[in-house]
Structures are given as structure tokens and as C-alpha cells.
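# Notes for the structure review
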Amino acid sequence: MKIERTTIPMQSFIYGFSLSADYSECYQTFTDKKSVTLESCLSLFSFKPKWVDFLYKLRNLLVKPLGLKTSTDEITNINPQKGEKLNFFDVLERSETEILMYANDKHLEGWFSLQCEPGRNKHIVRFVTVVTFHNLMGRIYFYTIKPFHYLIVRDMLYRMCKH
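The shown structure was predicted, so the numbers you read here are calculated from the model rather than taken from an experiment.

Before going further, it helps to examine the packing of aromatic side chains. Inspection of the entire model under this criterion finds 10 aromatic pairs. Judged by centre distance (5.1 Å) and plane angle (75°), the rings of Phe89 and Phe112 are edge-to-face. Of the two residues, Phe89 is situated in strand S4 (residues 89-94) and Phe112 in strand S6 (residues 108-117); the sequence distance between them amounts to 23 residues. We note that Phe89, like Phe112, is buried. By way of ring pairs, the aromatic residues Tyr23, Phe133, Phe142 and Tyr143 are connected into one cluster.

Here's what the structure looks like:
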């Protein structure tokens, strides 16, 4: 399965936030599995491979002394609606094909969009990240975790299309 970097679709919820962001990226893949929906993709947020779980625990350990928000180990609401939460992310928008999540902390703001677009022969699954830095700590933090973020996004896209 090929995962490629692409542009953020203009019609997506997250597009407007990307225009003034310090960093944005969009990765997508295609699948011929008709069972891939936004709900099936969101259900995979409740499962983390051991290596991802280790990285989140390490991140929480390192950022807690800095006063940054930490994530919880367990995600109980795997199908959040607008106004609800997915871990420490607020769900800003929700449609049949896209969910827009947002987190704000003292170092940065992050918007994340998961998109599952049905097509005639293939479905498109996208994960979009948009970041605005509040200060130098935000830049240092983001560029430190960026290689791991990339690996996690690729892994999530792969698992979403394989299950």
C-alpha cells in the first residue's frame, strides 16, 4: 500500500486553519476495501501497537515536568461527535467523511483531521496535521517529535486500510 504526501483538500474542515499555520501536512492512501468508513478508522484509535504506546508513555513522562498536557492511556469514546472529546482532543466538526480535532496547550495548537472519502472503485483515507507554535518550546517540541509523528501517522493509515 502506497502512502503519499499530498495537498490539503480545500473543501475539508481543516483547510482554513492550514492557511495561517506554522506547519501543515497531509498524508493519504487508497483502499479498495468498501468497509473502510470514518467510524471504522476511528475505532483504531483505541488500539495502539506496543511501540506507539511506549512512545506516548515516554512523551508523557518527558513533558509532564514542563507543565504540558498528557494523554490518557485509555480511549473510551471511539466515535466522538462534535463538542465531545477524543482523549485530550476536542472534536470541532464532524461529518460522514471527516472529523476535525483540536488541542491547545501552552506551547502549540494542533488541528488533526481524519478523512475517509468513498470513491467509485477506491476509498481515500487521509490524515491531516496542522500546527501553530505559541513559542520556542512549541517549535522545539514539534520538531523533536516530528519523525515519530510521521511513523505513527503512516502506521495508522496502514492499519485503517488493512482492518
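Among the 7 residues of strand S5 (residues 98-104), 6 are classified as buried, and the element is accordingly described as predominantly covered. Across 4 bridges, the pairing between S4 and S5 is antiparallel. Its bridge partner lying in S5, Asp90 is registered against Tyr102. In this antiparallel pair of consecutive strands, S4 and S5, the connection spans 3 residues. Bridge count for S5 against S6 is 7 bridges, and the pairing is antiparallel. Directly across from Ala103, in S6, lies its bridge partner Gly110. Hairpin remark: S5 followed by S6, antiparallel, with 3 residues in the connecting loop.

Conventions used here
- Residues numbered from 1 in each chain as written.
- Predicted model: local features only at pLDDT ≥ 70, side-chain atom pairs only at ≥ 80, totals over all residues.
- Heavy atoms only, no water.
- Phe/Tyr/Trp six-rings, centres within 6.5 Å; stacked < 30°, edge-to-face > 60°.
- Helix = DSSP H or I, 4+ residues; strand = E, 2+ residues; numbered from the N terminus.
- Buried < 20%, exposed > 50% of the residue type's maximum accessible area, 1.4 Å probe, protein only.
- Pairing = 2+ DSSP bridges.

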